[in-house]
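Understanding the architecture of this molecule
Each chain, written out:
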Amino acid sequence: MKKNYVFISLLAIFGFSNAQNTSHIPQLGKDKIEDVIAAMTQEEKVYLLMGLGENNWQNPPTGPKTVIIAGEAGLTWAIPRLGITSTVFTDGPAGIRIESHPEGLNFTRYCTAFPTATALASTWNTDLVENVGKAMGNEVLEYGSDVLLAPAINTHRNPLCGRNFEYYSEDPLIAGKMGAAMVRGVQSNGVGTSLKHFVANNIETNRTTINAVISQRALREIYLRGFELVVKESQPWTVMSSYNRLNGFYTSENYDLITTILRDEWKFDGMVMSDWWGGADAVAQMNAGNDMLMPGCAQREELLKALKNKIIDEKVIDRNLARILAFIIKTPRFKNYAYSNKPNLTAHQQVSKNAATEGMVLLKNDKNTLPFKNIKNIALFGKTSYRYIAGGTGSGEVNYQYATTINESFEKNGFKVAKPLEGIYKQFIDTVSKKATNENRKFIVDFHAELPLNTEQIISQVKNTDIAILTIGRNAGEGSDRTVADFSLTGTEKQLIREVSTAYHAANKKVIVVLNIGGVISTSDWRDYPDAILLAWQTGQEGANALVDILTGKVNPSGKLPMSFPMSYNDVPSAKTFPGEPADNPVNAVYTEGIYVGYRYYDTFKIPTAYEFGYGLSYTQFQYSNIQLSSNEFSNEMTVKLTVKNIGEKAGKETAELYLHAPNIQLEKPIQELKGFAKTKLLKPGESQEITLKLDARALASFQTNISSWIAEKGTYEVLIGSSSKDIRLHSSFTLPQTIVVEKVHLVLYPNRPITDLTISKK
Ligand code: BGC
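Residue positions are given per chain, counted from 1 along the sequence in the order it is written. Reporting in this predicted model follows two pLDDT cut-offs: at least 70 for local features of residues, and 80 or more for side-chain atom pairs to be given and counted; totals over whole chains, interfaces and linings ignore these cut-offs and use all residues. Each side-chain value is worked out from all heavy atoms of the structure, with water and hydrogens disregarded.

Quick look at the overall build of the chain
Regarding its fold elements, the chain presents 22 helices and 29 strands. Atoms considered for the radius of gyration are the C-alpha atoms alone. The globule rule reads 2.2 Å times the number of residues to the power 0.38. Relative to the 2.2 N^0.38 estimate, which gives 27 Å for 763 residues, the radius of gyration of the chain is 27 Å and therefore close to what a compact globule would have. With the C-alpha coordinates of the chain rotated into their principal frame, the extents come out at 90 × 70 × 50 Å. Burial here depends on accessible area, computed with a 1.4 Å probe over protein chains only, as a share of the maximum for the residue type. Under 20% is buried, over 50% is exposed, and the range in between is partly exposed. Taking all 763 residues of the chain together, 63% fall into the buried category. In this description, contact between two residues means that some pair of their heavy atoms is separated by no more than 4.5 Å. Partitioning the intrachain contacts of the chain with sequence separation of at least 6 by distance along the chain shows that 78% fall at a separation of at least 24. The Shrake-Rupley method, run with a 1.4 Å probe sphere, supplies the accessible areas, and residue values consider only the shown protein chains as cover. When the accessible area of the chain is evaluated, it comes to approximately 27,900 Å², of which 50% is carbon and sulfur surface. When charges are counted, Lys and Arg are positive and Asp and Glu negative, with His and the chain ends excluded. Just so you know, the charge point we use is NZ for Lys, CZ for Arg, CG for Asp and CD for Glu. Across the chain, the centroid of the 80 positively charged side chains sits 3 Å from that of the 78 negatively charged ones. Helix and strand assignments follow DSSP, with helices taken as H or I runs no shorter than four residues and strands as E runs no shorter than two, numbered in order from the N terminus.

This is the structure in C-alpha cells:
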C-alpha cells in the first residue's frame, strides 16, 4: 500500500538553535565541508550517517519523505537548512530497478533489461561492457537517481550460489576488468556506482550471519583482487560492504578491510555504505570507516546514545560525514539536474541486444548443425521457449517493458513455429500463471517444474517441422542458494532431451538445446543427445532476438565461458564445504580449497571438465601466429604481441587469452592463471589483427602470507596464448633473473580459526 508522505522541513526541527546565534549558516557546496559539519547538531550528524529506506522503515516520525522514485532501494537524509539534499540509490547489476507504474504517475517508467553480469562477462569485451554501463547510467540519470547499486563482482566460487548471475566470473581478472568497465560506463553520465558486495559474499544461505573463513593468500589473490582492480582502475563513487562475516568479523565492522586495505592500500577515496541492514554494531561500523548505514533504522538511537555518552569519538563521525558530503556534492540531485524521465530506451534496446548476442556461448555444434540451413518450420520444446528468462530475481531484477520470447522472435523473423506444440505449452503456462500471487507472478513459470510430454506428443511434431529446439530454463536470486537438484536436469528434462533427440534423429533431423540459465548446470549427462547446444544465459529483454540472430547465422557467436562447467557437481572444489557448517544451518563457511577456485583447481589437479574456462565455439576458425615478447627477460613490463587470422568462411570475433605458468620455488602456484585477454574486431574471412597484451610485475606475483607481500619468483615464465584455457595455440617464455618483492602490504585479515588450504603436494 502506498502512503502519502508529508515532507516536514528539518529547518523547523533542528534549525533554530544554530541559526539563532549565527548570521551565516554554512551551505553545502558553497562553504567548506568541515564548516557544514561544524554547524550540525549531534542529531543531524547521526541522521545523515543513516540512509532511508524506500518505505517508512522505522524512520523517525519527523523525517523527510522517503519515496523520491518509487522502487528506489534507498535515500540519503536531507538537511535543507545546510543545503544538504537527499540522494537516491537504485539497484542493480542488469539495469535500473524502479517501479514502472507507481501510483500518481501519469506515464510509464520502464527500464531496459540488459544481459546479466555473467552473460556480459561471457563477451570478454570490456568496450562492450563499458557501453552497456553508459546506457544504464543514462537511465539512472534520466529517471532521477544518483547511484546505481552495481557492479557486483563477487566470485563464482561454487555454481550453487543463488546470486552468481549477478556476478561476472570465477576469475578475478575478468571480474575486475568487467567491473571497471561497467563503473567507467555508468559514471561517464555523472552518476555514481556502488561496487558490491565487499567482500566474500559468495554464499546466500544465512547470508547476513555466515562467517567466511578464508586464508590471507586466497583473499588477496582471488576474493579481494577483483575489487582491487576496479578501485584502482575506475574509482567507483561508493563501495557497498557485504552482509557476511569474514574471518570472524562483519565486513562492515572491519577496519582492516575498509580502511587499511580499501582506503590506505588501494587509495579508495569515496564513500562506503553497508548492505541493507548489514552488520550488527553501528559503533564498530563507524570506526571501521563504513561511512553510511543503509537503509538505517534501529541504529539511529544506538548511535546517538553512543555519541552523547562519548562511546564513539565525534571525530570518527565527522570523518565519515565528510566522505558522505563529498559524495552528495557530486550527485545530479544536489546539482539540481532536471531529469527528463525519458532515457533513450530505443537506443538502449540495441545496446542490450548487441551485448546479448556477444554474450551467448556456443557449446556444441556437431557437423555444423548451426547456423540454420534450409530451416522454415520449427518445433519449440520446453516452457522456457515461450517465456524467456531475461534475468534473475531479487535486487538484480529489472522492470522492463517486454522480454521477447523465443517463439515470438522466430515468427517475427519469418519462421513457422509448430502451433499444436505451442498450444500445449501456452495452456500449461496459463494454468501455472493462474496460481500466482502478486509476489511470485513474474517468476512462477520459471520456478515451476517442466511440463512432461508423452512420446506421441513428441513424435507427432517431427513430420511437420525441420528442426527441434528445446529450451532448458533456470532462475535464482538473492536470499537462498540453488540446490544440487537445481544444478542437475530433472528426470522430465532429461527425458525430453532424450526422446526429442531420438525422434528427430530417426527422421534425420537435428536437435538444438538452448540454455536460458543464470548459473552453471550439469551438462555431461545429456550433452551427447542434441546436435548443438547454445548457452544463451539470461540475456535481458532482447535475449530471444539475439538468440535467433545466432541460430540463423546473422551473427557469429563469439562468447566464451568466464567460468568452468564441471563434469559433475562433486568435482567442484568447494562441493563438500558449500554452503557451510553445520550443513543444516551454517555458521561458518571454510574455504578449504584456498586459491584453487575454478580452472585454477581443475587444471592443476587434472580434473576433467565438461566445458573448460574460456571455451566457446564460432562458425569460423582462427589461426594464431607470430608471438613476440618485448624481451626475453622481465624488468618492469613485458609486451606480448601475436596475430589472429580468420581462416574460415564467415566473419567473426575471437578472444585471445593469455595464461602464465610461473615457477614454483617457494610458493606453490596454480599450473596456469589468466593474466590478459583481448577480443578482436569483427574479422572478415582472411583478415588478420595484431593483438598486444601487457604484463606488469603484479601479473607475475603471488601472495606470500608470512611476509604479507606479493612476490615474483625468479625463473622461467611460460606464456601460453589460448583460444580457451585448454586450447593453447602459442607458447613462449621469458625469465626473471631475481626474485622481486613487487609490493608489501599490511598483515591483516588473518583467519579466526585454523585453516589449511588445499595444496597439490597433499594430493
Ligand atoms: C542486496 C544488495 C542491494 C540492496 C538494496 C540487498 O539485499 O544484497 O545487493 O543493492 O539489497 O536493494
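Some thoughts on the sheet that holds strand E23 (residues 673-679)
Spatial ordering of the open sheet is given by E23-E22-E27-E28, a layout of four strands whose pairing is antiparallel. The open sheet terminates on both sides in strands that have one partner only, identified here as E23 and strand E28 (728-736). Averaged over all adjacent pairs, the angle separating strand axes in this sheet is 20 degrees, with direction ignored. As judged from the eight bridges shared by strand E27 (residues 715-722) and E28, these two strands associate in the antiparallel manner. Across the sheet, the residue bridging to Ile721 is Leu730, located in E28. A pair of strands counts as paired when DSSP detects no fewer than two bridges linking them. Note on definitions: angles span 0 to 180 degrees between N-to-C directions of axes, and those axes are lines fitted to C-alpha atoms, for helices only across the stretch in contact.

A look at the pattern of salt bridges
The salt bridge definition used is simple: a Lys or Arg side-chain nitrogen within 4 Å of an Asp or Glu carboxyl oxygen. In this structure the tally under the stated criterion is 43 salt bridges. Residue Arg163 pairs with Glu166 through a salt bridge whose shortest N-O separation is 2.6 Å. Accessibility classification places Arg163 together with Glu166 in one group, the buried group. A salt bridge links Glu581 to Arg753, with the shortest nitrogen-to-oxygen separation between them at 3.0 Å. Taken together, the residues Glu581 in the loop between strand E17 (565-566) and strand E18 (588-590) and Arg753 in the segment after strand E29 (740-744) connect sequence positions 172 residues apart. Judged by relative accessible area, Glu581 falls into the partly exposed class, the value being 37%. Given the relative accessible area of 30%, Arg753 is considered partly exposed. A network of salt bridges, in which partner residues are shared, links Arg163, Glu166, Glu204, Arg207 and Glu478.

A closer look at empty space enclosed by the protein
Picture a little ball the size of a water molecule; that probe, rolled over the atoms, points out where space is still empty. Space inside and on the surface of the protein is sampled on a 1 Å grid over the protein atoms alone, with a cavity defined as a set of points where a 1.4 Å probe fits but cannot get out and a pocket as an open set with protein on both sides within 12 Å along at least 5 of 7 lines; lining residues have an atom within 4 Å of a point. Grid points are joined across faces, edges and corners, and a volume is the space filled by probe spheres set on the points. Summed over all chains, the structure comprises seven cavities of 30 Å³ or more. Forming the boundary of the largest cavity are 14 residues, of which His156, Arg157, Pro159, Glu170 and Ser564 lie nearest the centre. For this classification, Asp, Glu, Lys and Arg are treated as charged, while Ala, Val, Leu, Ile, Met, Phe, Trp, Tyr, Cys and Pro are nonpolar and the rest, including Gly, are polar. For the lining of the largest cavity, a count of residues per class yields seven nonpolar, five polar and two charged. Residue lining of the second largest cavity: Ala94, Ala113, Phe114, Ala390, Gly391, Gly392, Gly396, Glu397, Val398, Tyr400, Lys442 and Phe443, and that is the complete set.

Looking at the environment of Arg527
Along the chain, Arg527 turns up in the loop between strand E15 (510-516) and strand E16 (532-535). Arg527 sits 390 residues away from Gly137 along the chain, and the two C-alpha atoms are 39 Å apart. Discounting residues that sit within four places of it in the chain, Arg527 has contacts with Lys364, Ile533, Met567, Ala610 and Tyr611.

Concerning the pairing of strand E14 (residues 467-473)
Of all seven residues in E14, seven are buried, a share of seventy percent or more. Across four bridges, the pairing between strand E12 (residues 377-381) and E14 is parallel. Along E14, the bridge assignment pairs Ile378 with Ile467. Alignment of E14 against E15, held across seven bridges, turns out to be parallel. Counted as the bridge partner of Leu470 is Val513 from E15.

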